[in-house]
Amino acid sequence: MIKGNPLVMVPGPTPVARSIQDQMGRETISFNDARFVADFNALIADMKALWRCDGIVFIVAGSGTMAMEMGICNVAARDESVLVCSNGHFGDRYIDICARKGFDLDTIKAPWGKTVTVDEVDKKLSAKKFSALVVTHIETSTGVELPLREMTKMIREKHPDVLLVVDGVASAGAAEFYMDWGIDVMLTCSQKGLGISPGLGIIWASPRAIAKRQGMSEISESYVDFVKWIPVMKDTMKYWGTPSVNMIWALAEAIRIIKEEGLEERTKRHRLYAAAIRKSLTALGFSAGVEESLASPSVSVFFYPDASLEDEKFRAAVYGEGAHIGGCLGDFAGKGFRIGHMGNITPAILVTLVAAIERACVRCGYGITPGSGLAELQKAILDM
Ligand SMILES: *Cc1c(COP(=O)(O)O)cnc(C)c1O
């Protein structure tokens, strides 16, 4: 049998559309060639308009973790108090990043599969004065979505001086958020909901966040210092670190695709696809890793129904049937698998994914009727 590459259904990277690949394959020109300068400036304007940012958007070569570092080190100085909320692996990573920076650090950690609540954060912010609050919108290790809209409302109403930093790596291009909700720093990267290859970090910063950095003295970070990049993001003829020319073209194409679909339509589609996947896999006997009200539109955890499915063997079987799914981390390791369902995915991809999972179940001796999960998926797709 000719197999080809499996579908990339891990929670990043996500499938990359042909037209985006074409941009990465273009002949590279200089970052100060007028043609590229014009493309980059137009992209920056689009990124600000789409996510309603009246501050500055930074588009910098690096991964999401770099964007996390850039997101916090510019809005809180050493010894300032920072509160970091963690809903799992990536929230814990943000705690680790902050712990190295000499902040007066406080944390709230939710149990795996749950979220830190608006009330818990309100209590903590009421008890002590904080400069910045860090939350993860969608925690990729559990598939939990934090109630970002309500969290933002509460902070703007009751703690207006606190700068709100959001890890939106698994939400940009998949779940709704807008900077004008009152977010100060939102960060993401290229290989998740935007559907590009890994390589770009993106940080939207509010005018308040920019003012905060400008009012601080020298920070110990250099490459990710807002002050170094502000001139470039205002006029892309300027130079700090060489922009990732082809990746920026790829991002411009990804944004063209998003504008064509409509950002709101796109986030609605993600919720429908996520619900369809949950329906079809629960019909096969897998259980959703989190309760319905917390389930994210971009990534899902599913637990194995019984011991007849052994984690590594099962995921290898799914890979053999044509879909690459992710293992679980932390408290969930070995108990289930993760599926990334974000970006430029289509019903055809969903059908292939569920079909591969069904065949892997049969090959691993887990007695399902092939087609029973697909039947649920088909119904859900027809209802969209
Ligand atoms: C993937 C991810 C990251 C890390 O991004 P990298 O590109 O792997 O550095 C951080 N936060 C969340 C929520 C993620 O999903």
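Residues numbered from 1 in each chain as written. Predicted model: local features only at pLDDT ≥ 70, side-chain atom pairs only at ≥ 80, totals over all residues. Heavy atoms only, no water.

Looking at the packing of helix α7 (residues 207-215) against helix α8 (residues 226-234)
(1) Moving on: Between α7 and α8, the shortest axis-to-axis distance is 10 Å and the interhelical angle comes to 130 degrees. Comparing their axes, α8 and α7 come out oblique. Across the interface between the two elements, Ile210, Arg213 and Gln214 from α7 touch Phe226, Val227 and Ile230 from α8.
(2) Moving on: Its residues assigned to classes, the contact of α7 with α8 shows 4 nonpolar, 1 polar and 1 charged. (Axes fitted to C-alpha atoms, helices over the stretch in contact; angles between N-to-C directions. Helix = DSSP H or I, 4+ residues; strand = E, 2+ residues; numbered from the N terminus. Parallel < 35°, antiparallel > 145°, perpendicular 65-115°, else oblique. Contact = heavy atoms within 4.5 Å. Nonpolar A, V, L, I, M, F, W, Y, C, P; charged D, E, K, R; others polar.)

Some remarks on the side chain of Lys192
(1) Moving on: One can find Lys192 in the loop between β9 (185-189) and β10 (200-205).
(2) Moving on: No salt bridge is formed by the buried Lys192. Its closest oppositely charged neighbour is Asp167, at 7.4 Å.
(3) Moving on: Residues within four places of Lys192 in sequence aside, it is in contact with Pro11, Gly12, Thr14, Val169, Met342 and Gly343. (Buried < 20%, exposed > 50% of the residue type's maximum accessible area, 1.4 Å probe, protein only. Lys, Arg positive; Asp, Glu negative; His and termini not counted. Salt bridge = Lys/Arg side-chain N within 4 Å of Asp/Glu carboxyl O.)

Describing the sheet that holds β10
(1) Moving on: Pairing is mixed across the open sheet formed by 7 strands, whose spatial order is β2-β10-β9-β8-β5-β3-β4. The sheet terminates laterally at β2 (56-61) and β4 (104-109), the two strands that pair on one side only. The average angle at which neighbouring strand axes cross in this sheet is 15 degrees, direction not considered.
(2) Moving on: When β2 meets β10, the two strands line up antiparallel, connected through 6 bridges. Paired with Val57 across the bridge in β10 is Trp204.
(3) Moving on: Lying over the sheet, helix α5 (residues 118-127) contacts β3 (81-86), β4 and β5 (132-136), oriented at roughly 155 degrees with respect to β4. (Pairing = 2+ DSSP bridges.)

Observations regarding the sheet that holds strand β14 (residues 326-327)
(1) Moving on: Read from one edge to the other, the open sheet built from 4 strands follows the order β11-β12-β15-β14, with strand pairing classed as antiparallel. The open sheet is flanked by β11 (287-288) and β14, the only strands paired with a single partner.
(2) Moving on: Inspection of the sheet shows β14 paired to strand β15 (residues 336-340) by 2 bridges, in the antiparallel sense. Residue pairing in the sheet places Gly326 in a bridge with Arg338 of β15.

Some details on the environment of Pro11
(1) Moving on: With respect to the helices and strands, Pro11 occurs in the loop between β1 (7-8) and α1 (18-24).
(2) Moving on: When its relative accessible area of 5% is taken as the criterion, Pro11 is described as buried.
(3) Moving on: With residues near it in sequence (within four places) discarded, Pro11 still touches Thr140, Lys192, Val299, Arg338, Gly340 and Met342.

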